[in-house]
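Coordinate inspection notes
This is what each chain is made of:
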Amino acid sequence: ELNDISGNTNNTLISGKKNYENNGNNNTILGNEEVVKNSTNVLVSGKNNSITNDIESIVIGLSNTLTDSEKSGVIGESNTIINATKNSVVFGKSNQESNGNNNIVTGTTNQNTSGTNNLITGSNNNVSSATDTVIFGKSNTITNGNNNMVSGLSQIVTDSSNNMIEGITNKLVKVGNSAVYGKSQDISGSYNVLTSGLENKLELANNSVAIGYKNDI
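Residues numbered from 1 in each chain as written. Predicted model: local features only at pLDDT ≥ 70, side-chain atom pairs only at ≥ 80, totals over all residues. Heavy atoms only, no water.

**Observations concerning the nonpolar core**
Membership of the largest hydrophobic core comes to 28 residues, with the highest contact counts inside it found for Ile51, Ile142, Leu172 and Ile187. Apart from residues no more than four positions distant in its own chain, Ile142 is found in contact with Asn126, Val127, Ser128, Ala130, Ile135, Val150 and Val157. (Core = buried A, V, L, I, M, F, W, Y, C linked by side-chain atoms within 4.5 Å. Buried < 20%, exposed > 50% of the residue type's maximum accessible area, 1.4 Å probe, protein only. Contact = heavy atoms within 4.5 Å.)

See below:
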């Protein structure tokens, strides 16, 4: 139950049991079974957390992992921050942040990859290559988008920017400057549109409005 300190470790405070540090500098390790490697100016508290190649980050909770990151924070359980993530914060359980900058992720099983300045809250949301985007809800997927606000369930937004989407199972592909409200609407290749209702479909329909049920433009 002894703590294990090895390598070129300096100026570290360790309290607890079965903690391990290798090549660390100016770190604080509190709890049990924490692992800190090649890291500087980090604070870890809880149990079974792992920090590797990290600078100036904080981890609090159970079984969280930070690898190759900088100036980031994690509070919760089984969260992962990896691949050159900087200045990001993750709260909750089983969330993942990879190659991100300046993001906030909160909830459960959300994933943010190569994103910047995003706010993600809810569960099972998947965000990739998005910037300045806000997501609230469950099982939404955002890919290659900027300045979008998405709220609801199972929305899909791809290659789209400057949109507001609220509802259930709406789909946007290459859409810009638009507002979509309702359920199961399919919008593609369109800009400056407003849709509200159920199962409306707009394709290459710039500057259009569709309100109601099963309009096809």
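**Re the side chain of Asn170**
By the secondary structure assignment, Asn170 is in the loop between strand E22 (164–168) and strand E23 (171–173). A polar side-chain atom of Asn170 sits 3.4 Å from the main-chain amide nitrogen of Ser184. Setting aside residues up to four positions removed in sequence, Asn170 forms contacts with Ser154, Gln155, Ile156, Ile165, Val180, Gly182, Lys183, Ser184 and Gln185. (Helix = DSSP H or I, 4+ residues; strand = E, 2+ residues; numbered from the N terminus. Polar contact = N/O pair within 3.5 Å; in protein donor to acceptor, adjacent residues only side chain to side chain.)

**Structural notes on a nonpolar patch on the surface**
Taken together, the side chains of Leu13, Leu30, Leu43, Ile58, Ile60, Ile75, Val89, Phe91, Ile104, Leu119 and Phe136 make up a nonpolar region of the molecular surface, amounting to roughly 820 Å² of accessible area. Residue assignment for the nonpolar patch shows that the elements contributing at least two residues are strand E8 (58–62) and strand E12 (89–93). One can find Leu30 in strand E4 (residues 28–32). According to the relative accessible area criterion, Leu30 is partly exposed, its value standing at 31%. (Patch = residues over 30% accessible without salt bridge, like charges linked within 9 Å, V, L, I, M, F, W, Y side chains within 5 Å. Areas by Shrake-Rupley, 256 points an atom, 1.4 Å probe, with all protein chains shown as cover. Salt bridge = Lys/Arg side-chain N within 4 Å of Asp/Glu carboxyl O.)

**Brief notes about unusual backbone geometry**
Positioned with a positive phi, Glu33 is a non-glycine residue whose angle comes to about 60°. Mapped onto the elements of the fold, Glu33 is located in the loop between E4 and strand E5 (35–37). Using a relative accessible area of 31% as the deciding quantity, one classes Glu33 as partly exposed. With a phi angle near 55°, Asn177 is a residue other than glycine that sits in the positive phi range. Turning to its location among the elements, Asn177 is positioned in the loop between E23 and strand E24 (179–183).

**Focus on the pairing of E12**
Sheet topology places strand E10 (residues 73–77) next to E12; 5 bridges connect them, and they run parallel. Looking across to E12, one finds that Ile75 is bridged to Phe91. With 5 bridges joining them, E12 and strand E14 (residues 104–108) adopt parallel strand pairing. Residue Phe91 lies in a different strand from E14, and its bridge partner there is Thr106. (Pairing = 2+ DSSP bridges.)

**Re the pattern of salt bridges**
If charged atoms from side chains of opposite charge come close, those side chains can pair. Under the definition given, this model contains 3 salt bridges. Residue Lys71 is joined to Glu70 by a salt bridge in which the shortest nitrogen-to-oxygen separation is 2.7 Å. Exposure remark for Glu70: the relative accessible area of 23% places this residue in the partly exposed category. For the salt bridge of Glu199 with Lys214, the shortest nitrogen-to-oxygen distance reads 3.7 Å. Taken together, the residues Glu199 in the loop between strand E26 (194–198) and strand E27 (201–203) and Lys214 in the segment after strand E28 (209–213) connect sequence positions 15 residues apart. Exposure remark for Glu199: the relative accessible area of 33% places this residue in the partly exposed category. Bridged by salt links that share partners, the residues Glu56, Glu70 and Lys71 form one connected network.

**Regarding the pairing of E26**
Strand direction decides the pairing type here: E24 and E26, joined by 5 bridges, are parallel. Of the residues in E26, the one forming a bridge with Gly182 is Gly197. Here 5 bridges tie E26 to E28, and the two strands are oriented parallel to one another. By the bridge assignment for E28, Gly197 is matched with Gly212.

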